[in-house]
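Spelled out from the first residue to the last, the chains are:
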Amino acid sequence: TMASSYASSRVREVEHRSASACSYESSTISITNDAWTIQNDNDETLTDASDNNNTSVKCTLLAPGTSIRVAPMERSSGGWSTEHFHQNLKLPEGTSNIGRGLIVQFEAMARECIAIALSPYHQYELGKTYVVHFGANGNLQTVIRRHVNYKEAVDLTFPSRVCSENHWIPYWVCLQNGTLSAGVGKCVGKNVIGSL
């Protein structure tokens with residue numbers, strides 16, 4: 001019962017009005033054939049070097065129970081501001097995703113259109129930024145898009161009702177080998193909405 005009331009509460013333990021106000025921590029994900037485990041960087045028991053089935057990947061985390069309340073995007077300004085590309089919302093220093101890809105997991109609560117952008121820079125960059133709009137157009141579809149230039153975009157639209165304004169919904173986005181996939185749930189790769 002504790003978990004269900006926590007998951008349905010509108011505000012987590014700590015709410016911030018911007019990514020700048022949040023605390024971030026560097027951590028490591030230990031990946032085995034059976035599970036992913038987030039480890040504290042000070043944890044000595046991360047992996048056994050002789051075990052070839054383990055992979056360790058650096059990651060950046062928000063403190064548990066943290067919410068960022070993001071104001072709706074302004075269409076008149078193209079929607080994206082520099083706050084959406086905060087310096088702490090990136091791969092940890094010294095980490096390369098070449099050949100590994102990139103996974104973003106998050107939970108959100110909204111009536112419609114939860115947008116997430118993956119950019120190699122601290123801003124929206126035409127031709128290099130991928131965007132997923134979960135629950136776009138009144139929560140009737142999900143759009144995966146990459147603008148080629150100001151007039152052209154490559155995008156795919158998938159029918160889906162994936163937003164809730166009363167419950168935290170887990171989402172994931174995976175960029176690997178030039179393919180962007182998006183889905184719902186805590187397990188990356190399951191409940192795929194679509195790929196571009």
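Because the structure is predicted, anything quoted here is derived from the model rather than measured.

## A closer look at the packing of aromatic side chains
Geometry of an aromatic ring pair is reported as the spacing of the ring centres plus the angle between the planes. Using the criterion set out here, one finds 3 aromatic pairs in the structure. Taking 5.4 Å as the distance between ring centres and 25° as the angle between the ring planes, the aromatic pair formed by Phe-106 and Tyr-171 counts as stacked. Here Phe-106 is found in strand E6 (residues 102-108), whereas its partner Tyr-171 is found in strand E11 (residues 169-176), with 65 residues between them in sequence. The interplanar angle of 45° and the centroid separation of 4.6 Å between the aromatic rings of Phe-134 and Tyr-171 together place this pair among those described as tilted. Of this pair, Phe-134 sits in strand E8 (residues 130-135) while Tyr-171 sits in strand E11; the two residues are 37 residues apart in sequence, bridging distant segments of the chain. According to the relative accessible area criterion, Phe-134 is buried, its value standing at 0%. Residue class for Tyr-171 comes out buried when judged on its relative accessible area of 0%.

## A few points about the nonpolar core
One finds Ile-114, Val-132, Phe-134, Val-162, Tyr-171, Val-173 and Leu-180 to be the most contacted residues of the largest nonpolar core, which totals 20 residues. Broken down by secondary-structure element, the contributors of at least two residues to this core are strand E7 (114-118), E8, E11 and strand E12 (179-184). Of the residues forming this core, the biggest block, 4 residues, is contributed by E11. Sequence-distant contacts of Ile-114, defined by excluding residues within four places in its chain, comprise Phe-106, Ala-108, Val-132, His-133, Phe-134, Cys-163 and Tyr-171.

Calculation criteria
- Residues numbered from 1 in each chain as written.
- Predicted model: local features only at pLDDT ≥ 70, side-chain atom pairs only at ≥ 80, totals over all residues.
- Heavy atoms only, no water.
- Phe/Tyr/Trp six-rings, centres within 6.5 Å; stacked < 30°, edge-to-face > 60°.
- Helix = DSSP H or I, 4+ residues; strand = E, 2+ residues; numbered from the N terminus.
- Buried < 20%, exposed > 50% of the residue type's maximum accessible area, 1.4 Å probe, protein only.
- Core = buried A, V, L, I, M, F, W, Y, C linked by side-chain atoms within 4.5 Å.
- Contact = heavy atoms within 4.5 Å.

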